[in-house]
Amino acid sequence: MTDQDITAELKQFKRDQKIHNALNTLLELFINMAKSSSEKQVLNSTMQRALDMAVDLSGAEMGSIFLLNSHGVVTDSILTQNHLEGDKRSSLIGKVLEIGLAGWVKKNLCVGLVIDAEEDDRWVTFKDQSYIVNSALAVPILRQDTLFGIITLLHSERNRFDKASVDFVQKAANQMAIAIENAQLYKKLEEAGKAIEKYSKALQFELDQGRKIQNDFLPSNLPETETCDIYTYFT
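Just so we're clear, the structure is a prediction, and the values are computed from it rather than from any experiment. Within each chain, residue numbers correspond to sequence positions counted from 1 in written order. This being a predicted model, a pLDDT of at least 70 is required before a residue's local features are given, and a value of 80 or more before pairs of side-chain atoms are given or counted; all residues contribute to the totals for chains, interfaces and linings. Based on all heavy atoms of the structure, the side-chain values leave hydrogens and waters out of the count.

1. Brief notes about the overall build of the protein chain
Runs of H or I in DSSP of at least four residues are treated as helices and runs of E of at least two as strands, each being numbered from the N terminus. A count of helical and extended segments in the protein chain gives five helices and five strands. In the protein chain, the succession of helices and strands from N to C terminus is α-α-β-β-α-α-β-β-β-α. Only protein chains enter the accessibility calculation, which uses a 1.4 Å probe; a residue whose area is less than 20% of its type maximum is buried, one above 50% is exposed, and one in between is partly exposed. Per-residue burial for the protein chain yields a buried fraction of 38% across its 235 residues. Summing over all exposed atoms, the protein chain offers an accessible surface of approximately 14,800 Å²; the carbon and sulfur share of this is 51%. Reported accessibility uses the Shrake-Rupley method at a 1.4 Å probe radius. Residues are deemed covered only where the shown protein chains occlude them.

See below:
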């Protein structure tokens, strides 16, 4: 083995260790959040930490993340223009997945690398966009060969993402899916628990109302006998 081979292996080891440490931090965050926060906070915080981790690993300046269901519909997202709400937010997501780089990744299920945004028709600059993008990297998050989400990373300079950046984020992305999927399951369990609690309260209310109606039909003075307490059958 040459000195060059040893140096390359050492670099790869350091990269793998960095990914491992970042993923451990992500899982620790999920566990801590699950103990003390609402289900929405758990998912949003896990997504944000995963995005921050991808930005750090790749050397990007900013980015976005989409989570998709089995029908390819976006269920949760953190946008670069995260201040947008309502129809404007939905419209932007729809356009990105229809004609943008994330849409290309969704269709092809592979990494989308834009070296020069001005020369690549997969990159779309939107009206009122407050930031400059000259290079971009979009990576699919896969779970069991199914598209689970898309991370898009951006930089204002051209040709900022190299093969090492792609490998970094690609390795981390599929591991990120584990923490994000756990956060989604936690959210669903919490929502189911709240729905059951709401149903139980509604059912108890109906039973109480039925009992009240039943009691209102009773005469004010019930007949009494020595062997039977009639009142107990109606209360």
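2. Focus on the pattern of salt bridges
Salt bridges are identified by distance alone: a Lys or Arg side-chain nitrogen within 4 Å of an Asp or Glu carboxyl oxygen. The tally for this structure, following the rule as stated, stands at five salt bridges. With a shortest N-O distance of 3.3 Å, Arg158 and Glu118 are connected by a salt bridge. In this pair, Arg158 sits in the loop between β5 (146-155) and α5 (163-217) while Glu118 sits in the loop between β3 (112-114) and β4 (135-143), placing the two residues 40 residues apart along the sequence. Since its relative accessible area comes to 42%, Arg158 is described here as partly exposed. The residue Arg160 makes a salt bridge to Glu157 at a minimum N-O spacing of 3.2 Å. One network of salt bridges, with partners in common, ties together Asp116, Glu118 and Arg158.

3. Structural notes on the pairing of β5
Buried residues dominate β5, accounting for nine of its 10 residues. Strand pairing is assigned whenever DSSP detects at least two bridges linking the two strands. As paired strands, strand β1 (residues 62-68) and β5 are joined by six bridges and run antiparallel to one another. Residue Phe66 lies in a different strand from β5, and its bridge partner there is Ile150. Note: β4 against β5, nine bridges, orientation antiparallel. Counted as the bridge partner of Ala136 is Leu154 from β5. Connecting β4 to the next strand, β5, in antiparallel fashion are two residues, including Gln144 with a positive phi near 55 degrees.

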